[in-house]
Amino acid sequence: MEQTLGKRIAENRKRMKLTQEQLAEQLGVTAQAVSKWENDQSCPDIAMLPHLAEIFGISTDELLGREAPPPTFQGEVVEENEPDGIHVQKDGWEFHWDSGRRQALTFALLVLLVGSLTLVSRILSWDVSFWSILWPSAFLVYGLSGLFGRFSLFSFGTTMIGAYYLVENLGIYSLDIAGNLVFPLIVVLLGLGLLIDALRKPKKPKFTFRHKGGENKKAHSSMTEDKDHFDCSVSFAENTYTVTLPRLSSGDATVSFGELTLDLTHCEEIADGCDLDLSCSFGELRLLVPKSCRVVPDISTAFGSVDFSGHPDPDATATIHVDGSVSFGEIEIHYI
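The rules behind the values
- Position labels on residues start from 1 in each chain and follow its written sequence.
- Local features in a predicted model are, by the rule used here, given only for residues with pLDDT of at least 70; side-chain atom pairs are given and counted only at 80 or more, and totals for whole chains, interfaces and linings are based on all residues.
- Hydrogens and water are ignored here; the side-chain numbers use all heavy atoms of the structure.
- Only protein chains enter the calculation, and the probe is 1.4 Å; a residue is then buried if its accessible area is under 20% of its type maximum, exposed if over 50%, and partly exposed in between.
- Strands here are runs of E lasting at least two residues and helices are runs of H or I lasting at least four, both read from the DSSP assignment and numbered beginning at the N terminus.
- The directions considered for the arc run from the helix axis to the C-beta atoms.
- Residues are treated as being in contact if the distance between any of their heavy atoms lies within 4.5 Å.
- When DSSP locates at least two bridges between a pair of strands, those strands are taken to pair.
- Only C-alpha atoms enter the line fits that serve as axes; for helices the fit covers just the stretch in contact. Angles between N-to-C directions range over 0 to 180 degrees.
- Here is the rule: rings of Phe, Tyr and Trp (six-membered ring for Trp) pair when centre to centre is within 6.5 Å. Planes less than 30 degrees apart are stacked, more than 60 are edge-to-face, and the remainder are tilted.

### Quick word on helix H3 (residues 31-38)
Part 1 of the argument: All of the buried residues along H3 are Ala-31, Val-34, Trp-37 and Glu-38. Along H3, the residues classed as buried sweep out an arc of 115° about the axis, all on the same side.
Part 2 of the argument: Contacts from the buried residues of H3 go to helix H1 (5-15), helix H2 (20-27) and helix H4 (49-56).
Part 3 of the argument: Positive backbone phi, at 60°, marks Asp-40, one or two positions downstream of H3.

### What about H1?
Part 1 of the argument: Considered for burial, the residues of H1 that qualify are Leu-5, Gly-6, Arg-8, Ile-9, Ala-10, Asn-12 and Arg-13.
Part 2 of the argument: Contact partners of the buried residues in H1: H2, H3, H4 and helix H5 (60-63).

### Brief notes about the sheet that holds strand E12 (residues 305-309)
Part 1 of the argument: Taken in spatial order, the 5 strands of this open sheet run E6-E8-E10-E14-E12, and their pairing is parallel. The outermost strands of the open sheet, each flanked by one partner alone, are strand E6 (238-242) and E12. Geometrically, the sheet is characterised by an average inter-axis angle of 10° between neighbouring strands, direction not taken into account.
Part 2 of the argument: When strand E8 (residues 259-263) meets strand E10 (residues 284-289), the two strands line up parallel, connected through 5 bridges. For Glu-259, the partnering residue across the bridge sits in E10 and is Glu-284.

### Regarding the packing of aromatic side chains
Part 1 of the argument: For the structure on display, the rule yields 5 aromatic pairs.
Part 2 of the argument: Each ring, one from Trp-135 and one from Phe-139, has its centre 5.7 Å from the other, and the planes form 85°; the classification is edge-to-face. In this pair, Trp-135 and Phe-139 are both assigned in helix H7 (residues 130-147), 4 residues apart and thus about one turn of the helix distant.
Part 3 of the argument: With a relative accessible area of 24%, Trp-135 lands in the partly exposed category.
Part 4 of the argument: The interplanar angle of 10° and the centroid separation of 5.1 Å between the aromatic rings of Phe-236 and Phe-257 together place this pair among those described as stacked. Here Phe-236, found in the loop between strand E5 (229-235) and E6, pairs with Phe-257, found in the loop between strand E7 (247-256) and E8; they are 21 residues apart in sequence, far enough to count as distant.
Part 5 of the argument: Look at Phe-236 and you get buried, because its relative accessible area is 15%.
Part 6 of the argument: The class of Phe-257 is buried, set by a relative accessible area of 18%.

### Quick word on the side chain of Asn-12
Part 1 of the argument: Position of Asn-12 relative to the elements: it lies in helix H1.
Part 2 of the argument: Of the residues examined, Asn-12 reaches a relative accessible area of 10% and is grouped as buried.
Part 3 of the argument: Apart from residues lying up to four places away in sequence, Asn-12 is in contact with Phe-56 and Ile-58.

### A word on the environment of Glu-238
Part 1 of the argument: With respect to the element layout, Glu-238 can be found in strand E6.
Part 2 of the argument: It is 8.1 Å that separates the C-alpha atoms of Glu-238 and Ser-221, two residues lying 17 residues apart in sequence.

### So, the sheet that holds strand E4 (residues 220-226)
Part 1 of the argument: Spatial strand order, E4-E5-E7-E9-E13-E11: 6 strands in an open sheet with mixed pairing. Every other strand in the sheet has two partners, leaving E4 and strand E11 (293-302) as the edge strands with one partner each. Taking the axes of each pair of neighbouring strands and ignoring which way they run, one obtains an average angle of 10° across the sheet.
Part 2 of the argument: Here E7 pairs with strand E9 (residues 269-281) via 9 bridges, running parallel. Bridged to Asp-252 within E9 is Asp-277.

See the structure below:
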């Protein structure tokens, strides 16, 4: 009997050790909707299928039950236009990070604004330095770019700082009466904006990672366990590892141009002061943690994100300290 789409969704959800509520939260739908999909009472919107496949770590064709066609020789395609974001091809593996055009447009507008104001200041003999034009212009332009798409108090405050000091440095207008209040008020706006943005669910970067077929000599994937420590790494590959140590006290995981799911739910005991070091560059690392543990993260990000799914038990006693970094990638921590 042919397996239905609903059965494949349920099977992959259980494989990823996700509840219907957790999957619904990642998709932005209700748990009832996921239940109807799995019982073949309804189907997910076609635009949601790529996101579902991404969560499950499979292709859309696999999700739809299509068998992959036999591998064929593929030559490397060179695009006439530079792709929007970061595009890496290596030995049949292809990685694409869609960062959008906003950063390039923002930088172009900044250069144009600074250049224009500097030119005008020289022509009109304004007594203003290049630095006095550059830094408030940067605040103004990058603040305005952050306001597109959704309103942010942080971006608004940044815009106000840039606009105020640019006008003042150019000698166009000066707020002598309220000058002492302007800076602290803007700092308050920045603080409120940071607080609100921190409480919002972070947006996930848009990744595409696939293999075109053929032998990949650069692909690497390894996992070792020794006493109470594990060490795993993935590069130009996709893999899932389950840590089965009787007692876990430390571990290291590295992902570069790949995807790794690391399952800690089968460890019998989490040692006091358990410390994990995670590094993710141009890829995705999923950490599955039992709800009896509480994760304390200290992860630096550069064009990446750290996302949490689920919550630890209120009486969770074990603590896992997670240190590391993520650049052009994503680290997801799922409580199971």
